[in-house]
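Each chain, letter by letter, is given below.
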Amino acid sequence: MSANPPAPAMDGSALLDEVEAFHRRFNIFPLEAAYVAVTLWDAHAHLLDCFDSTPRLAFLSPEPGSGKSRALEIVETLVPQPMVAVNASASALFRAVSGMEGRPTILFDEIDTVFGPKAGENEQLRGFLNAGHRRSGVMWRCVGDGSNQQVQEFPSFCGVAVAGLGSLPDTILTRSVIVRMRRRAPNEQVEPFRQRIHEKEGHALRDRLATWAQSIRHLVDGVFPALPEGISDRPADVWEPLLAVADAAGGAWPERARTACIELVNAAKTSDKGSIGIRLLADLRDYVFNGIDRLPTVAILDRLHSLEEAPWADMSGKPLNARGLSRMLREYMTADNTPIAARNIKAGGSVMKGYYASDLHDAWQRYCPPPPESALLPLPPLPSSSEAVSG
């Protein structure tokens with residue numbers, strides 16, 4: 001009796017189309033690119049052992065009722081070993097990752113309760129989320145009773161999707177595919193999600209994703225896909241697994257994935273001002289100096305305080321002062337590798353402390369994003385100044 005013929009290969013492109021359509025039934029995402037990214041993230045969760053890193057998936061919004069939790073619910077039906085965590089401790093999570101049969105995919109709702117302004121510091125959980133981004137990530141803990149304890153490592157590499165209000169620490173944002181959710185407009189309609197009915201549909205897709213993932217492991221394991229021009233460093237770490245999945249699926253997905261990559265990375269750059277130090281450097285370049293070669297500290301502060309939608313007029317209840325400006329700028333170096341510091345400037349017959357654009361130029365090049373195409377007009381210039389007085 002002849003053996004049964006092998007099952008036909010699964011069409012990965014068509015399967016991803018179905019997963020995307022499942023999301024579209026229940027989720028309104030702000031960009032078409034978000035549907036592509038979330039679908040690829042669902043699929044990559046079934047192939048974690050093939051990658052050196054796994055991006056976090058972050059559904060964020062400024063207000064409640066924006067569909068974040070529903071997005072997480074749909075992801076839950078599609079990923080392997082989902083583990084829903086709300087206010088879970090770092091210890092519980094890393095023990096779950098190292099102790100369960102099969103690595104869980106952690107879905108963390110209300111992440112703002114952990115990292116929000118009223119939540120205080122939660123460095124252990126932040127450390128877990130950061131460390132688990134890479135395959136080599138581990139958490140170290142003492143295990144044992146009393147004085148009989150030994151240091152033991154716990155693997156923390158796992159897929160993590162989060163949802164919450166506001167933003168996240170920069171260390172997590174830069175490791176994430178960010179979907180900034182919005183409340184649905186009156187003309188945006190979705191199908192009500194009925195768990196008892198639709199969860200089974202999601203699980204059926206999940207099982208097919210798992211089967212397909214096993215069939216294409218050889219196409220993604222250890223493979224480094226071609227990245228769009230300009231995508232490097234941390235964004236490359238985030239998108240390499242998703243692009244590898246798209247290439248394995250074929251069809252329109254390789255092109256759609258790279259288009260989505262560029263769009264979402266650029267969107268993150270637009271909304272992300274970087275650290276407060278980088279924000280200061282960029283504002284000094286674009287809106288304070290803006291072609292002027294030197295400025296007294298008092299003029300710099302006046303111009304910073306006048307910038308709308310900038311933090312400088314209210315730093316923990318007080319405007320940024322000369323001491324605070326000096327402290328922040330001394331963290332960065334001049335081209336001669338000395339800390340940026342105030343120097344003497346002659347202006348109007350008097351000598352004042354201030355800063356030179358030449359001292360800031362190296363830091364501007366190294367840390368700041370490209371200047372905006374339509375920068376604001378410079379503020380009125382100060383009276384002409386003479387050469388600096390050595391001091």
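About the thresholds
- Residues numbered from 1 in each chain as written.
- Predicted model: local features only at pLDDT ≥ 70, side-chain atom pairs only at ≥ 80, totals over all residues.
- Heavy atoms only, no water.
- Pairing = 2+ DSSP bridges.
- Helix = DSSP H or I, 4+ residues; strand = E, 2+ residues; numbered from the N terminus.
- Axes fitted to C-alpha atoms, helices over the stretch in contact; angles between N-to-C directions.
- Contact = heavy atoms within 4.5 Å.
- pLDDT = per-residue confidence, 0-100.
- Phe/Tyr/Trp six-rings, centres within 6.5 Å; stacked < 30°, edge-to-face > 60°.
- Buried < 20%, exposed > 50% of the residue type's maximum accessible area, 1.4 Å probe, protein only.
- Lys NZ or Arg CZ within 6 Å of the ring centre and 35° of its normal.
- Polar contact = N/O pair within 3.5 Å; in protein donor to acceptor, adjacent residues only side chain to side chain.

Asks: Whenever I open this one, the sheet that holds strand S6 (residues 160-165) confuses me. Can you help?
Replies: Pairing between the strands of a sheet comes from backbone hydrogen bonds, and it takes one of two forms, parallel or antiparallel. Pairing is parallel across the open sheet formed by five strands, whose spatial order is S2-S3-S6-S1-S7. Looking at strand neighbours, the two that pair on one side only are strand S2 (82-85) and strand S7 (176-180), the edges of this open sheet. Each neighbouring strand pair of the sheet contributes to a mean axis angle of 15 degrees, computed without reference to strand direction. Judged from the three bridges that link them, strand S3 (residues 105-108) and S6 form a sheet pairing that is parallel. Following the sheet pairing, Leu107 is matched in S6 by Ala161. Its contacts with the sheet put helix H2 (residues 32-44) on strand S1 (56-61), S3, S6 and S7, and the angle it makes with S1 is roughly 140 degrees. Sheet strands in contact with helix H3 (residues 68-78) are S1, S2, S3 and S6, and its direction is about 155 degrees off that of S1.

Asks: What should I look at first to understand the confidence of the model for the protein chain in this one?
Replies: Low-pLDDT portions of the prediction should not be read for the details of their coordinates. Here the protein chain shows a mean pLDDT of 84. Residues at 70 or above account for 81%. Predicted confidence for residues 385-391 stays below pLDDT 50, and this span has 16 contacts to residues more than four positions away or in other chains.

Asks: Looking at this model, I keep getting lost on the sheet that holds strand S8 (residues 294-296). Mind explaining?
Replies: Ordered in space as S8-S10-S9, the three strands form an open sheet in which the pairing is antiparallel. Only two strands of the sheet have a single partner each, and these edge strands are S8 and strand S9 (343-347). Strand-to-strand twist across the sheet, computed as the mean angle between neighbouring axes with direction ignored, equals 55 degrees. Direction of pairing for S8 relative to strand S10 (residues 350-356): antiparallel, over a ladder of three bridges.

Asks: Mind showing me how you'd approach the packing of aromatic side chains here?
Replies: The way to describe two aromatic rings as a pair is by their centre distance and the angle between their planes. Tallying each qualifying case throughout the model produces six aromatic pairs. Residues Phe22 and Phe26 carry aromatic rings whose centres are separated by 5.2 Å and whose planes lie at 75 degrees to one another, so their mutual orientation is edge-to-face. A residue pair is termed a helical-turn pair when its members lie 3 or 4 positions apart in one helix, as Phe22 and Phe26 do in helix H1 (residues 12-26) at four residues. Looking at Phe22, the relative accessible area reads 3%, which means it is buried. The class for Phe26 is buried, based on a relative accessible area of 3%. Here Tyr332 and Tyr367 contribute two aromatic rings whose centre-to-centre distance is 5.1 Å and whose plane-to-plane angle is 70 degrees, an arrangement assigned as edge-to-face. Placement of Tyr332 in the loop between helix H14 (322-329) and S9 and of Tyr367 in helix H15 (residues 357-367) is noted, with a sequence separation of 35 residues between them. On the accessibility criterion, Tyr367 (42% relative accessible area) is partly exposed. Within the aromatic cluster, the residues linked to one another by ring pairs are Phe22, Phe26 and Phe193. In this structure, Arg343 packs its charged tip against the face of Tyr356, placed 4.0 Å from the ring centre.

Asks: So what exactly am I meant to see when it comes to the environment of Arg343 here?
Replies: The topology assignment puts Arg343 in strand S9. With relative accessibility at 35%, the residue Arg343 sits in the partly exposed group. Here the alpha-carbon distance between Arg343 and Thr297, two residues 46 residues apart in the chain, equals 9.5 Å. In contact with Arg343, not counting residues within four places along its chain, are Met352, Lys353, Gly354, Tyr356, Ser358 and Asp359. At 3.1 Å, the side chain of Arg343 and the side chain of Asp359 are in polar contact.

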